[in-house]
Amino acid sequence: MPGMLITYYTRSGNTETMAELVAEGARGVDGIGVEVRSVDMVAPDDLLGFDAIIIGSPVYFGTMAAEIKKLIDDSVVHFTKLDGKVGGAFTSSGGAHGGNETTVLDILKALMVHGMIVKGVSAGAHYGPVAVGAPDDDEAEECRRYGYDVAELTMKLFG
Ligand SMILES: Cc1cc2nc3c(=O)[nH]c(=O)nc-3n(C[C@H](O)[C@H](O)[C@H](O)COP(=O)(O)O)c2cc1C
């Protein structure tokens, strides 16, 4: 069964809420296994076991939290082995112009360095779901739809 990992870092719960919403959307696609794990429960070796990896972070100083960057940096031990997997990202910031898009793109850039396949979004948050603080109703729906779309792509490629 194709598998998706949704991993995140959070201090005050907003990014975790988004992770659960992305998972809810992904579970709407038949045939995919979806796991949600805090980043401290993910070792670089674990990444090998999933066909899709979606990473969520709060915005810290315009980019991802150090805990997320550490997992990415530690994943160099598997450089080239994640090539062809599906990747995605989502973030929560404190302010409307606080760095959500720069942070999503920073995560996506790292996944692309791994050779991963990233799905954009035409109607909606183009680079991946973002929220200001906790997701409001629209942002929550964006998370669900993103999870569904990335899961659907994963099934097309690996199902
Ligand atoms: C160390 C630190 C740095 C932050 N830097 C930014 C920032 O650059 N821009 C911004 O909009 N919010 C910033 N914030 C606010 C968080 O991104 C925001 O509160 C977010 O919703 C927290 O997500 P969480 O509930 O998953 O921890 C920062 C918060 C902390 C603790």
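Cut-off values and rules
Residues numbered from 1 in each chain as written. Predicted model: local features only at pLDDT ≥ 70, side-chain atom pairs only at ≥ 80, totals over all residues. Buried ≥ 20, exposed ≤ 12 C-beta atoms within 10 Å, placed from the backbone. Helix = DSSP H or I, 4+ residues; strand = E, 2+ residues; numbered from the N terminus. Pairing = 2+ DSSP bridges. Right-handed = clockwise from strand over helix to strand, strands pointing away. Near = placed C-beta within 6 Å. Nonpolar A, V, L, I, M, F, W, Y, C, P; charged D, E, K, R; others polar. Arc of directions from axis to C-beta.

Student: Can you help me understand the pairing of strand E4 (residues 86–93) in this one?
Tutor: For a regular strand, side chains alternate in direction, first toward one face of the sheet and then toward the other. With eight of its eight residues buried, E4 lies for the most part within the structure. Burial along E4 is two-sided: the face carrying Val86, Gly88, Phe90 and Ser92 and the face carrying Gly87, Ala89, Thr91 and Ser93 are both buried. Looking at chain direction, strand E3 (residues 52–58) and E4 are connected through seven bridges and run parallel. Bridge pairing in E4 places alanine 52 opposite valine 86. Once you follow E3 into helix H2 (residues 66–74) and on to E4, the crossover reads as right-handed. Bridge count for E4 against strand E5 (residues 117–118) is two bridges, and the pairing is parallel. Within E5, the residue paired with glycine 87 across the bridge is valine 118. Crossover E4 to E5 through helix H3 (residues 100–113) is right-handed. Bridge count between E4 and strand E6 (residues 130–132): three bridges; the pairing is parallel. For serine 93, the partnering residue across the bridge sits in E6 and is valine 132.

Student: How should I be thinking about the pairing of strand E2 (residues 33–38) in this particular structure?
Tutor: Both strand E1 (residues 3–8) and E2 contribute to a ladder of six bridges, which runs parallel. When the bridges of E2 are listed, tyrosine 8 appears paired with serine 38. A crossover connection joins E1 to the parallel E2 through helix H1 (residues 14–26); in handedness this β-α-β unit is right-handed.

Student: Please clarify how the site of the ligand should be interpreted in this entry.
Tutor: Residues in close proximity to the ligand total 18 residues, the closest being Asn14, Thr15, Pro58, Gly94 and Gly98. If you list the elements that add at least two residues to the shell around the ligand, you get H1 and E4. When its residues are assigned to classes, the shell around the ligand shows four nonpolar, 13 polar and one charged.

Student: Any chance you could explain H2 here in plain terms?
Tutor: An α-helical segment advances 3.6 residues per turn. Residues three or four places apart therefore align on the same side. Here H2 has its buried residues at Ile68, Leu71 and Ile72. All buried residues of H2 fall inside an arc of 100° around its axis, so they share one side. Exposed side of H2, more than 90 degrees from the buried face: Ala66 and Asp73 are the residues found there.

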